[in-house]
Amino acid sequence: MRKYLLLFLLIYFPFTYAQTADPEISISFENKELPDILAEIEAKTDYQFFFDEDWFGLTKFSGEYSQTKVTEVLEDLLEETNINYFVKGQRIILTRGSIIYDRLPEGFLESREETAVAEEENQSADPVFYNDNEEQAEVVETVLIGKENRQSNRSTYKLSGRVVSEKGEPISGLNILIPNQDKGTVTDINGNYEIRLPKGINIFETQALGVDKVKKRLVVYNDGVLNLELKESFEELGEVLVEANARDNVRTALTGVERIDVAEIKNIPLVLGERDILKVATTLPGISTAGEGASGYNVRGGKTDQNLILLDEGVIYNPAHFFGIFSGLNPFTTGDVSIYKGSIPAEYGGRLSSVFDLNTKTANKEEFTGEVSIGPVTGNLSLEIPIVEDKSSLIVGGRGTYSDWILNLLEDESLEGSQASFYDVVAKYNHKFDHSDELNVSGYYSSDVFSITSDSLFSYTNRMFSLSYNKYFNEKHQGELVLTNSNYDFNLDYASDFDNDFESGYTINESEVKLKMKYFHSKAHTFNYGISGKYYMVSPGEINPGSPESLIEQVSIPEERALETAVYIEDSFEVTEKLLINAGLRYSFYTAFGPAQLNTYEEGLPRNDNTATGLESYDSGEVIETYGGPEVRVSGRYFITPTFSTKVSYNNTYQYIHTLSNNTTAAPTDTYKLSDSYIKPQRANQYGLGFFKNFDENIYELSLEGYYKTSDNLLDYKIGADLFLNENIETEVLQGEGEAYGVEFLVRKNKGRLNGYLGYTYSRSFIKLAGDFQEETVNNGEFFPTNFDKPHDFSAVLNYKLTQRFSFSANFVYQTGRPVTYPIGKYNFNNSEYVLYSDRNQFRIPDYYRLDLSFNVEGNHKIEKFAHSFWNISVYNVLGRNNPYSVFFVTDSGEVKAYQSSIFSIPIPTITYNFRF
């Protein structure tokens, strides 16, 4: 006969008793609930159980025991629960989490504080408690964590769990705070978190934008799990446009880290109403582009090829559509974005300047949802599809343009036959086998076709595949195995009436395997370590006749192959409560191998066609050249006050792949070149110092960061270099030193009617090309500004809420004009007239500035409705500023004339409609 816990007060005083003999019983049961099993034991023995049935839920047990002691049966039954038991004579009292002690521990009476803690830990779990201020009593749920163990002598225990929304979507970047311990953590991309807590009472709070806050009282007995399902807080939608995780800017040890909340960028007015993740990134300090509509990003004075752009761990080589006007990454399917421009974690390598780490959302596992956007030139659709409830789901997103249809409507003979279209598709399948095993499979494909003249058709595609398997081994160890493949190719088809039509293109393909491990050694040390291997295959280019009548000869540049491997280890070391150090070491190793044929050149002479002496052949798999070295990643944070910290960092990095382009900005026609005997890997050292301050409970954030970076073996080109399908590219390139430095200032307001941020960067970027010969020297071997050197860069992104549904947004940008080389005179030579140019990058084009405005209308926030809508009415370039994209010069009738090209020289109005269901 089951009993309720009427004698539970026995916990609160010491017991003295004579233990009866532990009887043996034979019992079997299958798929029975625990209260029913305990009733059978009562029937077979003289024992009586005292417990609360609400503790057990609907869990069922199966087992068979023959002549087994009752306590052994109980130990087996209760092993996987948080239930303990205490035997007093013929009574067995069950307790949830805590242990009933029959004697006082040593020193119990000597510490009143310890006594109070012991009493509080051993009391029953009342569902609520009240704080000391009776006038403002706060009702807080009490949760028991783990199961007390008499033999355990550990001082801290691991609390882990997963946080999801009401729709089952993981909530990443959620701040989990333990205010009474002055510590906290943040959920990852899958909503998972882990934190170590001391035994006893801990106050648990959550804090994030767009979801309700949660506060709980935890009684920690052992390791345990606390999963949360949080409600959306509609009152806060749209308040923050781009937000770093609260307190992260002050708390973490890393410098130069930005995180973008993708869900909140919808208010920022951008060209043609597109939500553009990477364009928003350029409004943050230290990140810029060479010009409006330019492809590629310059981070802290680095070249566009020095950024590692990852989607679900796979590399995206060209994340742009329409040659840079639109981003190639779908904002509807992207979960979170982290940008590392200062302290780069040791797990990342292969690029000098930054890492853009994007992760696709994990789809809702409980119900079918979707989101649709309809704009003037593009449409976007994403669907979240549950496959197996609470187990697996699929997210699919597709985006495309109907600009071809618009071009056909234009009555302009010069545009007849033109094409301009793109589309991209992304998908991610997530399957959670159990609490310790999870599988993610992602795929991405994009395609661009572009032809403004009737004779040339450009096309380029990205393809990426990623598979990751996450394994939770135990409370201290977890790991992830990642397999990726990335492919990028470009094609140019040229049709002509003069028998010179052709087809050309190139391809780069890479495959990578990574093993990433995390080890929670102690409260003071958390280790990340791993190994990776990446295999490159580059087809530098080929050209084929476009028709049987074409006079173009077939040319194909031999493929290049290389292997880049790395091993790394990193420790997050909490020295004291104020001092946190993140120290990592990465060792990368690079091997270029055959088959290949490389020219040899006369020693002591510049490399050119006239100094070539022969060919050196390498068989398939034969090593051509090896490079490698250690990469140190160190950063530290020191709390000056709990809301004010200073950080320092140092990084050195290697980059073994280069782009070949003599354009000012990145272009789809850029080709990639692997390091070999003549082209050495790029290297960089970066030093950083920053101050970070939060005000008024994280409503305001202020940061000031400075950096200094030196580089070696930066790739540049000889004057008049011919890079297209050049088999001897080493005769056209130069490698030199680089220097960059800057100061970045950011002030951000996270909440309130007026919110947003102001950012300002002062930065300089220089290069020096000083070879042993005149043809290898530029600007007399002195440092000169790079093509993307822009000293002043100011951005303001602001949002003002009229009501919960209506708001105004503004985006203002000012940048110094980039460097350019101008003709400064003319001269005659052999009866021919030539133009004399200035030193490289001696002048600048006019400064760039732009103002964008938008009016945003949220649909009503009723929960019970089919879809939630959002209207964005925006005007891009309100002032009609004719910002120059480039300046070029043409000789007309013996006179040199300068011309300026612009992308958007008039205001561009846009209306975009979005709805989510």
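The structure displayed is predicted, hence computed values, not measured ones. (Residues numbered from 1 in each chain as written. Predicted model: local features only at pLDDT ≥ 70, side-chain atom pairs only at ≥ 80, totals over all residues. Heavy atoms only, no water.)

Before going further, it helps to spend a moment on the overall build of the chain. Helix and strand counts for the chain come out as six helices and 59 strands. Evaluated residue by residue, the chain yields a buried proportion of 52% over its 917 residues. If you take every contact in the chain between residues at least 6 apart in sequence, the share linking residues at least 24 apart comes to 66%. When the accessible surface of the chain is split by element, carbon and sulfur atoms take 53% of a total near 41,200 Å². (Helix = DSSP H or I, 4+ residues; strand = E, 2+ residues; numbered from the N terminus. Buried < 20%, exposed > 50% of the residue type's maximum accessible area, 1.4 Å probe, protein only. Contact = heavy atoms within 4.5 Å. Areas by Shrake-Rupley, 256 points an atom, 1.4 Å probe, with all protein chains shown as cover.)

Moving on: the pattern of salt bridges. Enumeration over the complete set of coordinates arrives at 30 salt bridges. A salt bridge links Lys361 to Glu384, with the nearest nitrogen and oxygen atoms 3.6 Å apart. Residue Lys361 is found in the loop between strand E25 (354-360) and strand E26 (369-374), and its partner Glu384 is found in strand E27 (residues 378-388); the two are separated by 23 residues along the sequence. The partner of Lys718 in a salt bridge is Glu775, and the shortest N-O contact between them spans 3.0 Å. (Salt bridge = Lys/Arg side-chain N within 4 Å of Asp/Glu carboxyl O.)

Attention shifts here to the sheet that holds strand E21 (residues 314-315). Pairing within the open sheet is mixed, and its five strands lie in the order E17-E24-E25-E20-E21. Two strands bound the open sheet, and with one partner strand each, they are strand E17 (257-260) and E21. (Pairing = 2+ DSSP bridges.)

What follows concerns the environment of Lys709. As for its placement among the helices and strands, Lys709 is situated in strand E45 (residues 700-717). Taking the C-alpha atoms as reference points, Lys709 and Gly302, separated by 407 residues in sequence, lie 9.3 Å from one another. Polar side-chain contacts of Lys709 include one of 3.0 Å to the backbone oxygen of Arg300. (Polar contact = N/O pair within 3.5 Å; in protein donor to acceptor, adjacent residues only side chain to side chain.)

Looking now at the packing of aromatic side chains. In total, this model carries 28 aromatic pairs according to the counting rule given. Ring centres 6.2 Å apart and planes at 65° place the aromatic pair Tyr488 and Tyr506 in the edge-to-face group. In this pair, Tyr488 is assigned in strand E32 (residues 477-494) and Tyr506 in strand E33 (residues 502-520), connecting sequence segments 18 residues apart. Each member of the pair Tyr488 and Tyr506 is classed as buried. Centroid distance Trp871 to Tyr913: 4.5 Å. Interplanar angle 45°. Geometry classified as tilted. Linking Trp871 in strand E56 (residues 868-876) with Tyr913 in strand E59 (residues 908-916), this pair joins segments that are 42 residues apart in sequence. Looking at Trp871, the relative accessible area reads 37%, which means it is partly exposed. A relative accessible area of 25% places Tyr913 in the partly exposed class. One aromatic cluster is present, built from ring pairs that chain together Phe368, Trp871, Tyr913, Phe915 and Phe917. If you follow Lys647 out to its NZ or CZ, it ends over the ring of Phe692, 4.3 Å from the centre. For the cation-ring pair, Lys693 lies above Phe695, with the distance from its terminal atom to the ring centre recorded as 5.3 Å. (Phe/Tyr/Trp six-rings, centres within 6.5 Å; stacked < 30°, edge-to-face > 60°. Lys NZ or Arg CZ within 6 Å of the ring centre and 35° of its normal.)

Judged by side-chain charge, Glu166, Asp212, Glu229, Glu366, Glu367, Glu389 and Asp390 come together as a negatively charged surface patch. Among the structural elements, Asp212 can be located in the loop between strand E13 (200-207) and strand E14 (215-220). Of the residues examined, Asp212 reaches a relative accessible area of 33% and is grouped as partly exposed. (Patch = residues over 30% accessible without salt bridge, like charges linked within 9 Å, V, L, I, M, F, W, Y side chains within 5 Å. Lys, Arg positive; Asp, Glu negative; His and termini not counted. Charge placed at Lys NZ, Arg CZ, Asp CG, Glu CD.)

Our focus in this paragraph is helix H1 (residues 34-44). For H1, the full list of buried residues reads Leu34, Pro35, Ile37, Leu38, Ile41 and Glu42. Buried residues in H1, looked at end-on, bunch into an arc of 160°, giving them a common side. Structurally, H1 contributes buried residues whose contacts are with strand E2 (24-33), strand E3 (48-51), strand E4 (60-69), helix H2 (70-78) and strand E6 (91-96). (Arc of directions from axis to C-beta.)

This part takes up H2. The complete set of buried residues in H2 reads Val70, Val73, Leu74, Leu77 and Leu78. Looking straight down H2, one finds that the buried residues subtend no more than 115° of arc, so they occupy a single side. For H2, the elements touching its buried residues are E2, H1, E3, E4, strand E5 (83-88) and E6.

Turning our attention to the side chain of Thr671. Within the secondary structure layout, Thr671 lies in strand E43 (residues 671-674). Discounting residues that sit within four places of it in the chain, Thr671 has contacts with Tyr506, Pro540, His658, Thr659 and Leu660.

This brings us to the pairing of strand E11 (residues 183-186). In terms of strand pairing, strand E10 (residues 175-178) meets E11 through four bridges, oriented antiparallel. Bridged to Leu177 within E11 is Gly184. Between the end of E10 and the start of E11, which pair antiparallel, lie four residues, with Asp182 showing a positive phi angle near 55°.

Considering the arrangement of structural elements, one finds Ile719 in the loop between E45 and strand E46 (733-749). Of the residues examined, Ile719 reaches a relative accessible area of 75% and is grouped as exposed. In this structure, the C-alpha to C-alpha distance between Ile719 and Glu776, residues 57 residues apart in sequence, is 9.1 Å.

Let's shift gears to a nonpolar patch on the surface. Nonpolar side chains collect at one region of the surface, where Phe433, Tyr469, Leu481, Leu483, Val513, Leu515, Ile531, Val567, Tyr587 and Phe589 lie side by side and expose about 830 Å² of accessible area between them. Counting residues per element, the ones that place at least two in the nonpolar patch are E32, E33 and strand E37 (579-593).

Here Gly594 and Pro595 are connected by a cis peptide whose omega angle stands at 15°. In the Ramachandran plot, Asn713 falls in the positive-phi region, its phi being about 60° despite a non-glycine side chain. With respect to the secondary-structure elements, Asn713 resides in strand E45.

This part is about the pairing of E32. Here strand E31 (residues 456-472) runs beside E32; their pairing, made up of 17 bridges, is antiparallel. If you follow Ser468 over to E32, its bridge partner there is Val482. The antiparallel pairing of E31 with E32 creates a hairpin that spans four residues between the two strands. Bridge count between E32 and E33: 18 bridges; the pairing is antiparallel. Bridge pairing links Thr484 to Glu512 in E33.

Axis angle and axis distance: for two packed helices, these are the angle between their axes and the distance between the axes, and together they describe the pair. Their axes nearest at 12 Å, the elements H1 and H2 cross at an angle of 175°. Here H1 lies roughly antiparallel to H2, going by the angle between them. Two secondary-structure elements touch here, H1 through Leu34, Ile37, Leu38 and Ile41 and H2 through Val70, Val73, Leu74, Leu77 and Leu78. When the residues that make up the contact of H1 with H2 are grouped by side-chain class, the tally is nine nonpolar, no polar and no charged. (Axes fitted to C-alpha atoms, helices over the stretch in contact; angles between N-to-C directions. Parallel < 35°, antiparallel > 145°, perpendicular 65-115°, else oblique. Nonpolar A, V, L, I, M, F, W, Y, C, P; charged D, E, K, R; others polar.)

This brings us to the confidence of the model for the chain. Averaged over every residue, the pLDDT of the chain is 82; residues scoring 70 or more account for 85%. Confidence drops under a pLDDT of 50 for residues 1-20, and excluding neighbours within four residues, the segment shows 50 contacts in the predicted structure. Across residues 108-137, confidence stays below pLDDT 50; counting only partners more than four residues off in sequence or on other chains, it has 44 contacts. (pLDDT = per-residue confidence, 0-100.)

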